[in-house]
Amino acid sequence: MAELDGYPGYASETLDKLRATEYAHLDRDGEVYLDYTGAGVYADAQLRAHHERLAGRAYGNPHSENPASAASTELVESARRAVLRFLDADPDEYAVIFTPNASGACRLVGEAYPFGDLVMTFDNHNSVNGIREYARRAGGARRYVALEGPELRIPTSAVAEALREGPGGLFAFPAQSNFTGVQHPLDWVDLAHDAGYDVLLDVAAYLPTNPLDLSRVRPDFVPISWYKVFGYPTGIGCLVARRSSLQRLRRPWFAGGTIAAVSVGTEWHQQAPDESAFEDGTLNFLNIPDVEFGLDWLEAAGRDAVRLRVGALTGWLLDRLVALRHANGRPMARIYGPAGAEGRGATVAFNLLDPDGRVVDERLVAAEATRAGLSLRTGCFCNPGAGEGAFGIGLDRLHASADWGVRTIDDYLALIGLPHGGAVRVSFGIASNHADVRRLVGFLESAYRDRHTDTSGLAPRLRC
């Protein structure tokens, strides 16, 4: 394919065949899926495996020893082992705790962590940002490390300085930004450990197309949502945690399945001695086995092939966005984060610009992309810190608006003087191909070149 000659790594007969067969539903109704950072896509084989397993026998609540329960327990424990294999994690060092999603995993850590200081990067998902409320209630200091430069990266020296300021505690950062696609250095894990901090490493945006080897990089807590990795099942996540770090957590409550023994008359309880101490109630035992199938499916498809393909597509799109011009020579797009493929993942955020250089309202792009059959994302993607960096919202402006009185995101935007509410984000995954990206670029060219847009009548924004 001549257009991709300068982007090595795209070619893969296996991925082409999978798109035409197992992911054929993506090509029905003329739609294009471009939101893999929001959710991965499932293969038909995953649905078949789920149905065949449930049709094969009865499965019962694992909190028992009868045959149906034992069958469920066996598959759940097999899925735990599969997760550890996928991450190259030593089962003597790491435990797998099943949660509803990565947000639930973050909450487990936040509610039980013995806070000293909490250090976080500006570039974090709100499910990580929310941990600060637990630290606040515990009286712990909170510090953020700011983004710098046009690529919205964070210097290692700034991280080291922030860690030196406190006595230790918890450091939280993403392996890959869900906003800009920036990949942050994984050696920050050792840097934080040397400074006396535990580390929560958010891999939700990173893991679908990049390997994570926990035998070499050893964070204390790793929250995961599996639907982001391979599309199905939803409602299943993990907290992969070092066993030594789990021992320091003190849960504020207990539930069915989490205790070894309990008394009502004496208000005494003993927490379960293993992972189940953190798994509230009955696990989603009918869907957890699908995690193991999904991991095997991704391995069989070729993780390296996926990584290389999405890297090539990302590079091709970035170059096309930079090249887009109005007739007067002005750029049509403003990219947030790296404009090249080095040190970034397959997530690209940008705004469109009109011929006068004004930002095209992201709500208009969302509405018109939807009518064109394109599934992309707009907003700030639950990452307000990256948004503040991307849109140049300085602390002076934020501090001047400290008495918020805000009820909606539009109230907030008006208060800080931002003329638009976010960016456009596209992202790639296992089933992405060049035709998807060509379709996107063709839409952008035909819909916005030399066009002055009208934003009247757009619906209010719902959230950031």
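The structure under discussion appears in the preceding block.
First, a word on what this report is: a plain description of the structure on this page. No experiment lies behind these values; they were computed from the predicted model shown.

What counts, and where the lines are drawn
- Residues numbered from 1 in each chain as written.
- Predicted model: local features only at pLDDT ≥ 70, side-chain atom pairs only at ≥ 80, totals over all residues.
- Heavy atoms only, no water.
- Helix = DSSP H or I, 4+ residues; strand = E, 2+ residues; numbered from the N terminus.
- Rg over C-alpha atoms; globule rule 2.2 N^0.38 Å.
- Buried < 20%, exposed > 50% of the residue type's maximum accessible area, 1.4 Å probe, protein only.
- 1 Å grid on protein atoms, 1.4 Å probe; cavity = no way out; pocket = protein on both sides within 12 Å on 5 of 7 lines; lining within 4 Å.
- Points joined across faces, edges and corners; volume = space filled by probe spheres on them.
- Pairing = 2+ DSSP bridges.
- Axes fitted to C-alpha atoms, helices over the stretch in contact; angles between N-to-C directions.
- Core = buried A, V, L, I, M, F, W, Y, C linked by side-chain atoms within 4.5 Å.
- Contact = heavy atoms within 4.5 Å.
- Salt bridge = Lys/Arg side-chain N within 4 Å of Asp/Glu carboxyl O.
- Polar contact = N/O pair within 3.5 Å; in protein donor to acceptor, adjacent residues only side chain to side chain.
- Left-handed = near helix turned anticlockwise from the far one by under 90°.
- Nonpolar A, V, L, I, M, F, W, Y, C, P; charged D, E, K, R; others polar.
- Phe/Tyr/Trp six-rings, centres within 6.5 Å; stacked < 30°, edge-to-face > 60°.
- Lys NZ or Arg CZ within 6 Å of the ring centre and 35° of its normal.

Observations concerning the overall build of the protein chain
Point 1. Assigned secondary structure in the protein chain consists of 17 helices and 15 strands.
Point 2. Here the C-alpha atoms of the protein chain give a radius of gyration of 23 Å, agreeing with the 23 Å that 2.2 N^0.38 yields for 464 residues.
Point 3. For the protein chain, the C-alpha atoms occupy an extent of roughly 75 × 55 × 40 Å along the three principal directions.
Point 4. For the protein chain, buried positions account for 53% of its 464 residues.

Concerning empty space enclosed by the protein
Point 1. All told, the structure shown has one cavity of 30 Å³ or more when counted by the stated rule.
Point 2. Taken as a whole, the largest cavity spans an internal volume of roughly 120 Å³.
Point 3. Tyr 36, Pro 208, Thr 209, Phe 428 and Gly 429 are, among the 16 residues lining the largest cavity, the residues nearest its centre.

Examining the sheet that holds strand 14 (residues 377-379)
Point 1. Strand order in the open sheet formed by four strands is 11-12-15-14, and the pairing between neighbours is antiparallel. The sheet is open, and its two borders are formed by strand 11 (333-336) and strand 14, each paired with just one other strand. Along the sheet, successive strands turn relative to each other by an average axial angle of 30°, direction set aside.
Point 2. Inspection of the sheet shows strand 14 paired to strand 15 (residues 423-427) by three bridges, in the antiparallel sense. For Arg 377, the partnering residue across the bridge sits in strand 15 and is Arg 425.

What about the nonpolar core?
Point 1. Of all hydrophobic cores here, the largest spans 109 residues; its most connected members are Leu 87, Phe 171, Phe 179, Trp 226, Val 240 and Ile 430.
Point 2. The greatest single-element share of this core, amounting to eight residues, is contributed by helix 12 (residues 303-323).
Point 3. Dropping the residues within four chain positions of it, Phe 179 is found in contact with Tyr 336, Thr 347, Ala 349, Cys 380, Phe 381, Asn 383, Ala 386, Gly 387, Ala 390, Phe 391, Ala 423 and Arg 425.
Point 4. Residues Leu 108, Leu 170, Leu 200 and Phe 221 belong to the second largest nonpolar core, which totals 25 residues.

Observations concerning the pattern of salt bridges
Pairs can form between side chains of opposite charge once their charged atoms are near each other.
Point 1. The tally for this structure, following the rule as stated, stands at 30 salt bridges.
Point 2. Measuring nitrogen to oxygen at the nearest pair gives 3.4 Å for the salt bridge that ties Arg 242 to Glu 93. Pair noted here: Arg 242 is in strand 8 (residues 237-242) and Glu 93 is in the loop between helix 3 (67-86) and strand 2 (94-99), with a separation of 149 residues, a long-range link.
Point 3. By relative accessible area, which is 19% here, Glu 93 ends up buried.
Point 4. Linked by salt bridges that have partners in common, Glu 93, Arg 218, Asp 220 and Arg 242 make up one network.

Concerning the environment of Asp 356
Point 1. Residue position: Asp 356 is located in the loop between strand 12 (347-352) and helix 13 (362-371).
Point 2. Expressed as a C-alpha distance, the spacing of Asp 356 and Pro 331, which sit 25 residues apart in the sequence, is 9.6 Å.
Point 3. When sequence neighbours within four positions are dropped, the list of residues in contact with Asp 356 reads Arg 330 and His 452.
Point 4. One polar contact links Asp 356 to Arg 358, side chain to side chain, over a distance of 3.2 Å.

Some thoughts on the packing of helix 3 against helix 11 (residues 288-301)
Point 1. Between helix 3 and helix 11, the shortest axis-to-axis distance is 8 Å and the interhelical angle comes to 35°. For the element pair helix 3 and helix 11, the recorded crossing hand is left-handed. Facing helix 3, whose interface residues are Leu 75, Val 76, Ser 78, Ala 79, Ala 82, Val 83, Arg 85 and Phe 86, helix 11 presents Ile 288, Pro 289, Val 291, Glu 292, Leu 295, Leu 298 and Glu 299.
Point 2. Here the residues of the contact of helix 3 with helix 11 are counted per class, giving eleven nonpolar, one polar and three charged.

Comments concerning the packing of aromatic side chains
Point 1. Scanning the model with the defined rule gives 14 aromatic pairs in all.
Point 2. With a centroid separation of 6.4 Å and 85° between ring planes, the pair formed by Tyr 113 and Phe 221 is classed as edge-to-face. Note that Tyr 113 is positioned in the loop between helix 4 (102-112) and strand 3 (117-121) and Phe 221 in strand 7 (residues 221-225), a separation of 108 residues in sequence. Exposure class is identical for Tyr 113 and Phe 221. Each is buried.
Point 3. Note on Tyr 336 and Phe 391: the rings are 5.3 Å apart at their centroids and 85° apart in plane angle, and the pair reads as edge-to-face. Placement of Tyr 336 in strand 11 and of Phe 391 in the loop between helix 14 (384-390) and helix 15 (395-399) is noted, with a sequence separation of 55 residues between them.
Point 4. A connected cluster of aromatic rings, assembled from ring pairs, spans Phe 179, Tyr 336, Phe 381 and Phe 391.
Point 5. A cation over an aromatic ring shows up here: Arg 57 above the ring of Tyr 59, its NZ or CZ 5.7 Å from the ring centre.

Concerning unusual backbone geometry
Peptide bonds are, in most cases, trans, and in most cases residues other than glycine have a negative phi.
Point 1. Put simply, Tyr 232 and Pro 233 share a cis peptide bond, and its omega is 10°.
Point 2. Tracing the backbone through its elements, the reader meets Pro 233 in the loop between helix 9 (226-230) and strand 8.
Point 3. In this structure, Asp 29 takes a positive phi of about 65° despite not being glycine.
Point 4. With respect to the helices and strands, the residue Asp 29 is situated in the loop between helix 1 (13-20) and strand 1 (32-33).
Point 5. One non-glycine residue, Phe 381, adopts positive backbone phi at about 60°.
Point 6. Accessibility expressed as a relative area gives 4% for Phe 381, which makes it buried.

Some words on the pairing of strand 7
Point 1. Taking burial as the measure, the five residues of strand 7 include five buried ones, the bulk of the element.
Point 2. Every second residue of strand 7 is oriented toward a common face, with Phe 221, Pro 223 and Ser 225 on one face and Val 222 and Ile 224 on the other, all of them buried.
Point 3. With five bridges connecting them, strand 7 and strand 8 associate as antiparallel partners. Among the inter-strand pairings, Ile 224 is bridged to a residue of strand 8, identified as Cys 238.

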